[in-house]
Amino acid sequence: MIETEYDVIVAGYGPVGETCANLLGYYGIKALILDKEKEAYPLPRAITWDAECQRAMAHCDFSTKVKTRKIRGVDNQDANKKSILKITMDGFDTYNYQHSLLFIHQPQFDEAHRENAKKYKTNTIKTGNEILSITQSDGTVGCTYKDINTGQEFKTNSKYLLACDGANSTVRKLKNIELKSLDADETWMVVDGYTKNSFDCFTNVDAIQYCNPSRPTTIIQGVENCFRFEIAFMRGDSIDEIQKEEVFKKYIDQWLGDNEVEFSRTAVYSFHAANAEKWSDKNVFLLGDAAHQMPPFMGQGMNSGCRDAENLLWKINGVLKGLYSEKILHTYETERRPHVARITRGAIKMGGIINAKSKIIAFIRNTLLRTQSYFKGKENVFPVLNGNRLGSGVHKMPKIKNVSIERYYFNEINVRLRDGRVVSTDKVLEKNFGIILNNFNGNKKISEKNLDLINKHNFKIINITDSYDHSNCKGYIACEETHSDMEIYCDKYECNGVILRPDKYVFDLLHFKSNDSLEIIINEVFDNIREKIEFN
């Protein structure tokens, strides 16, 4: 590769850019982070964070933790406040580990991420700077940017540029990449604020979709008594008029009750669903809203952007360190686009429940949903609980209907090491390829050839077993489970273990015989991985 001033330039320093900055710092990749705004946006926008995305950041060891609160569920209610479809996170207790959705307060989220990103010496962060032009030649990206305050222009270059600059992405426009609408636009007003006490309506859920055709409204009780109301914009409404407190309060007083409240923000904006025609141009990649946009009804917009960052950066890290061929970067879009598309369809579908503004359509909706709930009971309609397979790429996972998330995105399992310490499998594996075996008792000696490859990739072998036998491989870790998650998983999916990618998505299930050696297993694992990528 040609020498460049930076390995990666990140355009945009919102939540997705902040995620990139921390992951780049963790990997030790020399990066320049640019954003035209001098400071983080001071008011809340995104309010949910998946446990999956939280896990992606765990290795960055934040000094200030992101404050979160687990979401118990959402209740869809009719105009009389009677439930028509309640979706809860409770009861999915097959495993000790629970995938979950979390509430956040974005200003505090931004502060924690930005403060942590500063600790990495490989990060150069320049806010108040906007990108003016981008060129590409000989596998490098040239970039001209300007200090907005002084007007001074600078030129630099990098191997890759990541566009995390939002729905109105400058980078996407400079690269002439078309953004295609999915025709699911809706205009709503958002009211954010604070209250001393939780609203009375939140006894066993934390969000209500008030499906009143006269004025659909979403009510959310967020982290640390932050609240949000999303109020449908109806025919005849005026943007200026509806944002007046004396106007919008009449739509939400019934939920506020006697609580003392302080309003911090009102905004009228349109929810969009859109997808860029392509997510990359040579070494320039689009992430988050620059690549795709979805309605907020499942709280998955920011999360999808954070997944983009996790997916792309472990691959870029491997390419820069000579572990993988650059061809692996093509799988960023092939894997992520179908994953995002399914979540987007789910968000549009969820929005369709509340957006019925005709009494006749609302009556039909209520009847159908109640009938469905009666016959089908509780369903995993949240993508955080659904098995959402990646598109074609670095894995060998089949498409399976009605499967839960851990089939594709593996659980975090607590294990007890030889010295008695209890750690998670995520902590042991770090962001590397690895395998987890369930009660392997065969010969554990590995050849020098495979040891060299294991050491080069920092590949880990976790064996959950009653025996703490040694191996000649320093990456072999024998341990016991604190619960039975691995045993349950292997019984459920009829396997003896899993091959995991650096992002903890399952590459493939593992099967071995009682007389197989660890050398045989490792040979098969490496052969499987080489079928998908050049695993050097």
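Residues numbered from 1 in each chain as written. Predicted model: local features only at pLDDT ≥ 70, side-chain atom pairs only at ≥ 80, totals over all residues. Heavy atoms only, no water.

Asker: Explain the sheet that holds strand β4 (residues 69-70) to me, please; I cannot follow it from the model alone.
Answerer: Sheet strands pair by backbone hydrogen bonding; their relative direction is either parallel or antiparallel. Read across the sheet, three strands follow the order β3-β7-β4 without closing on themselves; strand pairing throughout is antiparallel. In this open sheet, the two edge strands, each paired with only one partner strand, are β3 (48-50) and β4. Looking at chain direction, β3 and strand β7 (residues 101-103) are connected through three bridges and run antiparallel. From the neighbouring strand, Thr-48 faces β7, where its bridge partner is Phe-103. (Pairing = 2+ DSSP bridges. Helix = DSSP H or I, 4+ residues; strand = E, 2+ residues; numbered from the N terminus.)

Asker: How do you make sense of the environment of Arg-235 when you look at a structure like this?
Answerer: Its place among the elements puts Arg-235 in the loop between β16 (226-232) and α5 (239-242). The exposed category is assigned to Arg-235, whose relative accessible area is 87%. Separated by 89 residues in sequence, Arg-235 and Tyr-324 have C-alpha atoms that sit 55 Å apart. (Buried < 20%, exposed > 50% of the residue type's maximum accessible area, 1.4 Å probe, protein only.)

Asker: I keep staring at the nonpolar core and nothing clicks. Help me out?
Answerer: Side chains that are nonpolar tend, in soluble globular proteins, to be buried together. Grouped together as the largest cluster of nonpolar side chains are 91 residues, with contacts concentrated most on Leu-162, Leu-287, Phe-433, Ile-435, Phe-459 and Ile-461. Not counting residues within four places of it along the chain, the set of residues in contact with Ile-435 comprises Phe-459, Lys-460, Ile-461, Ile-462, Val-498, Ile-499, Leu-510, Ile-521, Ile-522 and Val-525. In this structure, Tyr-408, Ile-436, Ile-477 and Cys-495 belong to the second largest nonpolar core, which totals 25 residues. (Core = buried A, V, L, I, M, F, W, Y, C linked by side-chain atoms within 4.5 Å. Contact = heavy atoms within 4.5 Å.)

Asker: So what exactly am I meant to see when it comes to helix α6 (residues 245-256) here?
Answerer: Each α-helix turn comprises 3.6 residues. Residues three or four places apart therefore point the same way. In this model α6 runs just 13 Å from its N-terminal to its C-terminal C-alpha over 12 residues, more than 12% under the 16 Å that 1.5 Å per residue would give. Among the residues of α6, Val-247, Phe-248, Tyr-251, Ile-252, Trp-255 and Leu-256 are the ones counted as buried. Viewed end-on, α6 has its buried residues packed into an arc of 165 degrees, placing them on one side of the element. Facing away from the buried side of α6 by over 90 degrees, the exposed positions are Glu-246 and Lys-250. Just beyond α6, the residue with positive phi is Gly-257, at close to 60 degrees. (Expected span 1.5 Å × (residues − 1). Arc of directions from axis to C-beta.)

Asker: Looking at this model, I keep getting lost on the sheet that holds strand β12 (residues 179-181). Mind explaining?
Answerer: Pairing is antiparallel across the open sheet formed by three strands, whose spatial order is β12-β18-β21. Of all the strands in the sheet, just β12 and β21 (292-293) have a single pairing partner and so form its edges. Pairing between β12 and strand β18 (residues 274-276): three bridges, direction antiparallel. From the neighbouring strand, Leu-179 faces β18, where its bridge partner is Ala-276.

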